[in-house]
Amino acid sequence: MDQEDSACYLGLWRGKAARLVVASRNYADFANEASFDIKKCDLHRLEEGPPTTAVMTREQGLQYYRTMQTIRRMELKADQLYKQKIIRGFCHLYDGQEACCVGLEAAINKTDHLITAYRAHGFTYTRGITVREILAELTGRKGGCAKGKGGSMHMYAKNFYGGNGIVGAQVPLGAGIALACKYFGKDEVCLTLYGDGAANQGQIFETFNMAALWKLPCIFICENNRYGMGTSVERAAASTDYYKRGDFIPGLRVDGMDVLAVREATKFAADHCRSGKGPVVMELQTYRYHGHSMSDPGISYRTREEIQEVRSKSDPITLLKDRMVNNNLANVEELKEIDVEVRKHIEDAAQFATTDPEPPLEELGNCIYSNEPPFEVRGPNQWTRYKSVG
């Protein structure tokens, strides 16, 4: 969470302080931490895997809960703005998969690297971009994180390389980032994400081969949400054991609906990479509540009952909430306060995203190169020129 979000939440927190004092339970009554059983990972070419228990502090739990709720509410607001035709074009929402991006980020350092496909809003937030900047980018406004030029699929932050629209194309790029980490002798890893739909692409297997040969510090992460666009994994892949697809690369299959399972598995994989043992393939079993994109209602290839069953039995936010309440790390009233604060924060961000001006036309040619002198860019005809400034 960056300074802008922290300041906003701090103001909301102070405004609620009086009510929290008279809450049904004093903060001193809460436990500082608790230990939880997590699902054992399926392993490939590994003698030992991540632990099957995880310790979570109260502070961590509250942070994970707030972050996942923020992503959930942000995506629901994006859905609303899209249906109002304020957001246009491609828009792939992440609700249901929040435990993946939050668990991954909790296990790595800010100096580590991450690249993903086009379902990128959650990662953009966990990598440090504000909700205001994300929503403004979705609405094509000047205050967006890519100045309104990137849209849903092309958002970036420090050590976050997008947001890539071409299916599977980010995987070789991720290996290249990992190669740079190794070449410059940095104790860093690159998390390279792709979906089950991209998992059958040849360029991914070529990348696996190079990464294994060069022992690159790369964690290849397949977010298996069970459907590639409208095609179920069973219809698309002869083998749905995506964690075994690296052949000679060790693999893990992880419960992607459990933020603690994702965190512990990622710590394990990152330690493996940092020790010089080479890459790891990690499959996160997760689920998206929306369709593939906003043009997909999401119920022509799966039933409403299936979606509701996942929501009721495996929702990542509900799972975390129940753990915290049942283990005395928080109470329902405190978490409801967070929900109220998050909704207010999202509404404020949406207000900015719908009132901020669009970028002026003369900025169309900007940001082609970094740290280069300004130069002219030809427009749609030979008489139109734009100046490009880095």
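Being a predicted model, the structure only gives us computed values, none of them experimental.

(A) Structural detail: unusual backbone geometry. Backbone geometry places arginine 226, a non-glycine residue, at a positive phi of 85 degrees. Of note, arginine 226 is situated in the loop between β6 (218–224) and β7 (227–228). What makes arginine 226 partly exposed here is its relative accessible area of 35%. Phi at aspartate 247 takes a positive value of approximately 60 degrees, unusual for a residue other than glycine. Examined against the element boundaries, aspartate 247 turns out to sit in the loop between α8 (233–236) and β9 (251–255). A residue is classified by how much of its surface remains accessible, and aspartate 247, at 44% relative accessible area, is partly exposed.

(B) Molecular detail of a nonpolar patch on the surface. On the surface, Leu179, Met210, Leu213 and Trp214 cluster together to form a nonpolar patch covering roughly 400 Å² of accessible area. Per-element accounting of the nonpolar patch gives the leading share, three residues, to helix α7 (residues 202–214). The topology assignment puts leucine 179 in helix α6 (residues 170–183).

(C) Highlighting helix α9 (residues 259–274). Here α9 spans 22 Å end to end across 16 residues, near enough to the 22 Å set by a 1.5 Å rise per residue. In terms of burial, α9 is a largely internal element, twelve of the 16 residues being buried. Looking only at α9, the buried set comprises Val259, Leu260, Ala261, Val262, Arg263, Glu264, Ala265, Thr266, Ala269, Ala270, His272 and Cys273. One side-chain oxygen at the N-terminal end of α9 lies 3.0 Å from the backbone nitrogen of leucine 260; it belongs to aspartate 258.

(D) Looking closely at the nonpolar core. The biggest cluster of nonpolar side chains holds 71 residues, and the ones touching the most others in it are Leu104, Leu191, Leu252, Val254 and Met282. Those residues in contact with leucine 191, other than ones at most four positions away along the chain, are Leu104, Ile108, His113, Leu114, Ile115, Ile219, Ile221 and Thr266.

(E) Spotlight on the packing of aromatic side chains. Considering all chains together, one arrives at seven aromatic pairs under this definition. Pairing tyrosine 369 with phenylalanine 375 gives two aromatic rings, centres 5.7 Å apart and planes at 50 degrees, and the pair type is tilted. An aromatic cluster is present here, built from Phe205, Phe208 and Phe220 joined pairwise through their rings. The ring of tyrosine 289 carries the charged tip of arginine 311 above its face, separated from the ring centre by 4.0 Å.

(F) Quick look at the sheet that holds β9. Strand order across the open sheet formed by six strands is β2-β9-β10-β6-β5-β4, with mixed pairing between neighbours. The open sheet is flanked by β2 (42–44) and β4 (113–115), the only strands paired with a single partner. Taken pair by pair, the neighbouring strands of this sheet meet at an average axis angle of 20 degrees, ignoring direction. Where β6 lies against strand β10 (residues 280–285), six bridges are found, and the strand directions are parallel.

(G) Region of the structure containing the pattern of salt bridges. Enumeration according to the criterion identifies 20 salt bridges in this entry. If you follow the salt bridges from partner to partner, you end up with Asp42, Asp241, Lys244 and Arg253 in one network.

(H) Quick peek at the packing of helix α2 (residues 58–83) against helix α12 (residues 332–355). Relative to each other, α2 and α12 sit at 40 degrees, their axes nearing to 9 Å. Looking at the two axes, α2 sits oblique to α12. Every pair of crossing elements has a handedness; the one defined by α2 and α12 is right-handed. For the pair formed by α2 and α12, the contact residues are Arg58, Leu62, Tyr65, Arg66, Gln69, Thr70, Arg73, Met74, Lys77 and Leu81 on the first element and Glu334, Leu335, Ile338, Asp339, Glu341, Val342, Arg343, Ile346, Glu347, Ala350 and Thr354 on the second. Grouping the amino acids of the contact of α2 with α12 by side-chain chemistry returns nine nonpolar, three polar and nine charged.

Rules behind the numbers
- Residue numbers restart at each chain and count upward from 1, following the sequence in its written direction.
- Whole-chain, interface and lining totals are the exception, using all residues; otherwise, since this is a predicted model, local features are given only for residues with pLDDT of at least 70 and side-chain atom pairs are given and counted only at 80 or more.
- By convention in this description, side-chain values take in all heavy atoms of the structure and omit both hydrogens and water.
- What counts as a helix is a DSSP run of H or I of at least four residues, what counts as a strand is a run of E of at least two, and both are numbered from the N terminus.
- The cut-offs for exposure are 20% and 50% of the maximum accessible area for each residue type, with area from a 1.4 Å probe on protein chains only; residues under the lower value are buried, those over the upper are exposed, and the others partly exposed.
- Note that patches include only residues with greater than 30% relative accessible area and no salt bridge, and the join distances are 9 Å for like charges and 5 Å for nonpolar side chains (Val, Leu, Ile, Met, Phe, Trp, Tyr).
- All accessible areas in this document rest on Shrake-Rupley with a 1.4 Å probe, and a residue is counted as covered only by the protein chains that are shown.
- What makes a salt bridge here is a side-chain nitrogen of Lys or Arg within 4 Å of a carboxyl oxygen of Asp or Glu, nothing more.
- An expected span of 1.5 Å times one less than the residue number is assigned to each helix.
- The term polar contact refers here to a pair of N or O atoms within 3.5 Å; inside protein, the definition further demands a hydrogen-donor-capable atom paired with an acceptor-capable atom, and it admits residues adjacent in sequence only when both atoms are side-chain atoms.
- Buried Ala, Val, Leu, Ile, Met, Phe, Trp, Tyr and Cys residues form a nonpolar core when they are joined through side-chain atoms within 4.5 Å.
- Whether two residues are in contact is decided by their heavy atoms: any pair within 4.5 Å suffices.
- Think of it this way: a Phe, Tyr or Trp ring, Trp meaning its six-membered ring, pairs with another when their centres are within 6.5 Å, and the plane angle makes it stacked under 30 degrees, edge-to-face over 60, tilted otherwise.
- Only lysine NZ and arginine CZ atoms are considered, and such an atom sits over a ring when it is within 6 Å of the ring centre and within 35 degrees of the ring normal.
- Only strands joined by at least two bridges in the DSSP assignment are considered to pair.
- Here an angle of 0 to 180 degrees is reported between the N-to-C directions of two axes, which are lines fitted to C-alpha atoms, with helices fitted over the stretch in contact.
- Comment on the angle field: the value is read as roughly parallel under 35 degrees, roughly antiparallel over 145, roughly perpendicular from 65 to 115, and oblique elsewhere.
- In this scheme, a crossing is called left-handed if the near helix is turned counterclockwise away from the far one by less than a right angle; it is called right-handed if the turn is clockwise.
- In the scheme used here, Gly and all other residues not listed as nonpolar or charged are polar, with Ala, Val, Leu, Ile, Met, Phe, Trp, Tyr, Cys and Pro taken as nonpolar and Asp, Glu, Lys and Arg as charged.

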